[in-house]
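Residue-level structural notes
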Amino acid sequence: SSKTKVVLIHGWDYSERSSDLPSSLDKKVAQITSTWSSALNYYNKDTAASRTNFDFYAFTYRTSDSISKNGARLAEKLNTTFTASDKVIVVASSMGGLVTRYAMYDAKNTGDVIDYAVTLGTPHYGSPFASSAYQVSSATLAETISFLTNTDGGRGLSHTNKGDGQTSITNASNAELDSLNANTSRDSRFYPYVGDLSSDCNAAKTSAVLIAGCSVLKSGTPAFTATDGIVPINSAKMANKVSATQVTTKTGFDHLMLTFKIASDSTLSETFFTEVMTKIKTFTF
């Protein structure tokens, strides 16, 4: 239709490996709904007149593959699905925001069809938990870090010391993100949402893992005092790459709350979905 297109892109799936067989339809659907079930439910309820204003789409990808490879795939798919005359907004969770940025700058993005992108807890400058150089006192989290870095996708999420306001981790680096962050010409199209548990790690509503992650990052070496339980605020807000007016900080939100998945408080979840849809309706084309 002539409605604005909203493309939902999920984040990292810890269970995936590049050696897996091609994903079945059931697997693809499960990967989409595991992140976006609440958003799709609110869309069907026509919250904020979402169905009246928008057509929703979803893109799924193998998260164990490199972010740049998935970005090229997304660019190719978008440019065969939409045209420059379509109004296209990407709403991307976590790793999905990096895939979106790669797609926007990829050579295959011949149609340049992405008008705006809303990122939800995206580690634009990486996460300490994806960096083998990060030292933590928890053996369980140390194992998680090792697991993360066992795939190309996981390594693509690792912390980089380069960037304004970045906390330096000894021996940490991420050449893939550094290359991406060297681009600037299309960054003004991005509107990051940032979760902030700096005042109280226990404010996290979706998972005890995020409460633990927040606490470990606060006391780790080095310490990251302001995070959503996984991603530091400076990383999620794209440092200084976009205007401060484009960044929305959600105090008391953990990483998964940013995907509208707040089972313990459905009112808050739906209110946040309405907030994001209302913001999207203000975008001009």
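Heads up: the structure comes first, above all this text.
Quick caveat: nothing in here was measured; it's all calculated off a predicted structure.

Quick reminder: α-helices carry 3.6 residues per turn. Residues three or four places apart thus point the same way. Helix length check: helix H10 (residues 266-281), at 16 residues, gives a terminal C-alpha distance of 23 Å against a target of 22 Å (1.5 Å per residue), a fit within 8%. Residues of H10 that are buried: Ser269, Phe272, Phe273, Val276, Met277 and Ile280. The arc enclosing the buried residues of H10, seen along the axis, measures out at 135°, which places them on a common side.

Our next topic: helix H8 (residues 208-219). Taking 1.5 Å of rise per residue, 12 residues should cover 16 Å, and H8 covers 17 Å from first to last C-alpha, within 8% of that figure. Among the residues of H8, Leu210, Gly213, Cys214, Val216 and Leu217 are the ones counted as buried. Summarising the axial view, the buried residues of H8 lie within an arc of 170°, below the 170-degree limit, and thus occupy one face. With respect to the buried face of H8, the exposed residues turned more than 90 degrees away are Ala208 and Ser219. At the N-terminal end of H8, a side-chain oxygen is found 3.0 Å from the backbone nitrogen of valine 209, two or three residues along, and the residue is serine 207.

As a volume, the second largest pocket reaches approximately 190 Å³. As for the second largest pocket, its lining consists of Glu16, Pro22, Ser23, Lys28, Gln31, Phe59, Thr60, Tyr61, Arg62, Asn70 and Arg73. Grouping the amino acids of the lining of the second largest pocket by side-chain chemistry returns three nonpolar, four polar and four charged.

Here the focus is the packing of aromatic side chains. Aromatic ring pairs: the centre-centre distance and the angle between the two ring planes describe each pair. Scanning all chains against the criterion turns up 16 aromatic pairs. Between tryptophan 36 and phenylalanine 260, the ring centres sit 6.5 Å apart and the planes meet at 45°, which makes this aromatic pair tilted. Residue tryptophan 36 is located in helix H1 (residues 25-44), and its partner phenylalanine 260 is located in the loop between strand S6 (248-251) and H10; the two are separated by 224 residues in the primary sequence. For the pair shown, tryptophan 36 and phenylalanine 260 are each scored as buried. Ring geometry for tyrosine 193 versus phenylalanine 272: centroids 5.6 Å apart, planes at 70°, classification edge-to-face. Of this pair, tyrosine 193 sits in strand S5 (residues 190-196) while phenylalanine 272 sits in helix H10, placing them 79 residues apart in sequence. Within the aromatic cluster, the residues linked to one another by ring pairs are Trp36, Tyr42, Tyr43, Phe56, Tyr193, Phe253, Phe260, Phe272 and Phe273. Positioned above the aromatic ring of phenylalanine 253 is the side chain of lysine 250, whose terminal nitrogen or guanidinium carbon lies 5.2 Å from the ring centre.

We now examine the state of the cysteines. With the rule as written, the count across this model stands at one disulfide. Across the disulfide from cysteine 201 sits cysteine 214; the S-S distance is 2.0 Å. Every disulfide takes its handedness from the sign of the S-S torsion; for cysteine 201 and cysteine 214 that torsion is -70°, giving left-handed. In this pair, cysteine 201 is assigned in the loop between S5 and H8 and cysteine 214 in helix H8, connecting sequence segments 13 residues apart. Relative accessible area serves as the criterion here: at 9%, cysteine 201 is assigned to the buried category. Of the residues examined, cysteine 214 reaches a relative accessible area of 1% and is grouped as buried.

Let us look at the pattern of salt bridges. Across all of its chains, the model carries 11 salt bridges by this definition. Notably, a salt bridge pairs lysine 45 with glutamate 270, separated by 3.1 Å at the nearest N-O pair. Of this pair, lysine 45 sits in the loop between H1 and helix H2 (50-53) while glutamate 270 sits in helix H10, placing them 225 residues apart in sequence. Put simply, arginine 186 and aspartate 112 hold a salt bridge, and the shortest N to O gap is 3.8 Å. Here aspartate 112 lies in the loop between helix H4 (95-105) and strand S4 (116-120) and arginine 186 lies in the loop between helix H7 (175-181) and S5, a separation of 74 residues in the sequence. For arginine 186, a relative accessible area of 22% puts it in the partly exposed group. Through salt bridges that share partners, Asp112, Arg186 and Arg189 make up one connected network.

Rules behind the numbers
Residues numbered from 1 in each chain as written. Predicted model: local features only at pLDDT ≥ 70, side-chain atom pairs only at ≥ 80, totals over all residues. Heavy atoms only, no water. Helix = DSSP H or I, 4+ residues; strand = E, 2+ residues; numbered from the N terminus. Expected span 1.5 Å × (residues − 1). Buried < 20%, exposed > 50% of the residue type's maximum accessible area, 1.4 Å probe, protein only. Arc of directions from axis to C-beta. Polar contact = N/O pair within 3.5 Å; in protein donor to acceptor, adjacent residues only side chain to side chain. 1 Å grid on protein atoms, 1.4 Å probe; cavity = no way out; pocket = protein on both sides within 12 Å on 5 of 7 lines; lining within 4 Å. Points joined across faces, edges and corners; volume = space filled by probe spheres on them. Nonpolar A, V, L, I, M, F, W, Y, C, P; charged D, E, K, R; others polar. Phe/Tyr/Trp six-rings, centres within 6.5 Å; stacked < 30°, edge-to-face > 60°. Lys NZ or Arg CZ within 6 Å of the ring centre and 35° of its normal. Disulfide = S-S within 2.5 Å. Salt bridge = Lys/Arg side-chain N within 4 Å of Asp/Glu carboxyl O.

Remember that the coordinates give geometry; whether it matters functionally is a separate question.
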